[in-house]
Structure formats: C-alpha cells, structure tokens
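A structural walkthrough
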Amino acid sequence: MARRLRFNGTGSGEGSCPAVHEDLDTGEVIVHGPPVTDPDDLARLQHLDEGEVAIVVPRNTLIDFGPRDRDPAPRILNPDQFARLFENFQHSAWHLEIRRRYAVDEATETYAQFVRGEAPSWDLDSHWGRTIRPKTSGGVAVGRVRILDSPPTTGQLYLLAHAEKNAALGEDVRNMWRADAKRVNLPDEDFWIFDSHIVALCLFDDDDNLTGAELITEPAAVNQYNRLRDVAQHYATPYKEFAARLNARE
C-alpha cells in the first residue's frame, strides 16, 4: 500500500532537491538529496548498512522542515479569545473553510432567507463588517478558500452566496471542490492564519458549533500552514467564476 506522504518543504534555492516528506501514518521522515559518492567519505560513515544510501542535506532543511510534535499541552482559546485575534492582526488574515455546515450560519436571518429562495439582505454594518472593512480599506489582506462537496450542502451553497458580502467588505474569496482539495493534499482542518505567524486551528463540537481554537505559533508548524495556504490559493477559483460554473452544470 502506498504511503500517505506530505511534502514538508525544500531548503534548496534551485530545483527541488533536497526535500523533506513525512509519512502521515507512521510519522517517518523521508529525505532525498544528492548522494554521498566519494569512497573515502563513505568509508568514514558509521552504521551504513547494505541497501542504505547516504545523502547530503543542508542543516537548515532539517531545522526548517523536519516535523516536530505539538506542545503536549496545546494552548486552547475560548471563542471570545479567538474573536480578539480578528481585532489585533495587522497585515493579513486567511481562512481555509472545509466543513459541510457551520451552526452559527443557520441561526442568521440571511440563512433563513436563502433557504426560502429569497435574496439575502446582507448587513455590511454588522460586527464582522465593522471589524474587517476598516482593515481592508487600509490595505490589509483578508481572504479565504471554501471547500465544497459534490453536490454541495445547503450550508456550502449559502456561503457561496455569502461571498458577495465578504467581497463587499474587501475580502478575496475563492472556492474548490473537495476532490480537488484532496488531490493537492489539503488537510481536513479548518484554520485561520494571522499575519503569517499565528495559526488558529478551529475546534467544533458534534453539532458544528465553534468551541474555540488551538493556537499554533511554533515556526516550523506555522510554515506548513503557510504553504497549505499558498497551495489552496493557487488551485482555488474566484467565487464568481466558481458560482457561474456551478450554475452552468445544473
């Protein structure tokens, strides 16, 4: 059975070698790079068994991309503490939305309007609007990539419509099919990245209510989430184009 490998990164300034991968099931690390071929060098290596190959890996590659265990006692933010992150970020905020429903959406009048087949009456002066619009107006980048199932759930279709409000507040909203997200190895994790150095991994209960977030600040771990953001941004489609394609399919 093929390994489930995650590409952690490469420290190479040119090409793609050397690189570090991690086996998501066993935790084993796979490193590839140029082989050690000089006979004198090979003779000095200890415990190099038959069938093994010595390779050269820059020190910074292992430091930057070698996997690290999370803090055994992760820092959990309650919903109020999590909300303050949106007030305090200075340069960028980005969200990967992977869930099939968010209970908080279903409690809104706009959700009820959408389900009834009406055009939702978006309130740009909501708390979210008053928080985000001044930031984007000042040049701060706020964006998100939303993952949809095929066929989409009602909650996912609502958020596709809700992108109109997000865009009006200055956000960059894009969408991807879940099959495409899996193809490019995006995780089943719902998370925000703030200023490219703080990750908030969203936590939900069995009823899809947000209960808080796990705060991740360890540089190597944050670097991986930044890479996932770049992958998602690259492969996702701007929401208007995605919606047009979806409507054309129906």
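A short tour of the structure in this document, coming up.

Reading the values: rules and limits
The written sequence of each chain sets the order in which its residues are numbered from 1. Where local features are concerned, this predicted model is filtered to residues with pLDDT of at least 70; where side-chain atom pairs are given and counted, the filter is 80 or more; whole-chain, interface and lining totals use all residues. Side-chain calculation: all heavy atoms of the structure are included, whereas hydrogens and water are not. Aromatic rings from Phe, Tyr and Trp, taking only the six-membered ring of Trp, are treated as a pair when their centres fall within 6.5 Å; an angle between ring planes under 30 degrees marks them as stacked, one over 60 as edge-to-face, and anything in between as tilted. Three exposure classes are used, based on accessible area relative to the maximum for each residue type with a 1.4 Å probe and protein chains only: buried under 20%, partly exposed in between, and exposed over 50%. We call a charge positioned above a ring when the Lys NZ or Arg CZ atom is no farther than 6 Å from the ring centre and deviates by at most 35 degrees from the ring normal. Whether two strands pair comes down to DSSP finding at least two bridges between them. The helix and strand labels rest on DSSP assignments: H or I over at least four residues marks a helix, E over at least two residues marks a strand, and numbering proceeds from the N terminus. All axes here are fitted lines through C-alpha atoms, helices being fitted over the stretch that makes contact, and every angle between N-to-C directions spans 0 to 180 degrees.

1. Side note on the packing of aromatic side chains
Following the criterion strictly, the structure yields 14 aromatic pairs and no others. Pairing Trp192 with Phe194 gives two aromatic rings, centres 5.9 Å apart and planes at 15 degrees, and the pair type is stacked. With a relative accessible area of 4%, Trp192 lands in the buried category. Relative accessible area serves as the criterion here: at 2%, Phe194 is assigned to the buried category. Each member of the aromatic cluster is reached from another via a ring pair, and the members are Phe82, Phe86, Phe89, Trp128, Trp192 and Phe194. Sitting over the face of the ring of Phe204, Arg99 holds its NZ or CZ atom 4.0 Å from the ring centroid. Note that Arg183 overlies the ring of Tyr235, its terminal NZ or CZ placed 5.7 Å from the centroid.

2. Points about the sheet that holds strand S3 (residues 29-32)
The three strands lie next to each other as S1-S2-S3, forming an open sheet whose pairing is antiparallel. Since the sheet does not close on itself, it has two edges, and those belong to strand S1 (5-10) and S3, each with one partner. Averaged over all pairs of adjacent strands, the angle between strand axes in this sheet comes to 25 degrees, irrespective of strand direction. Judged from the five bridges that link them, S1 and strand S2 (residues 19-23) form a sheet pairing that is antiparallel. Opposite Arg6, over in S2, you have Glu22 as the bridge partner.

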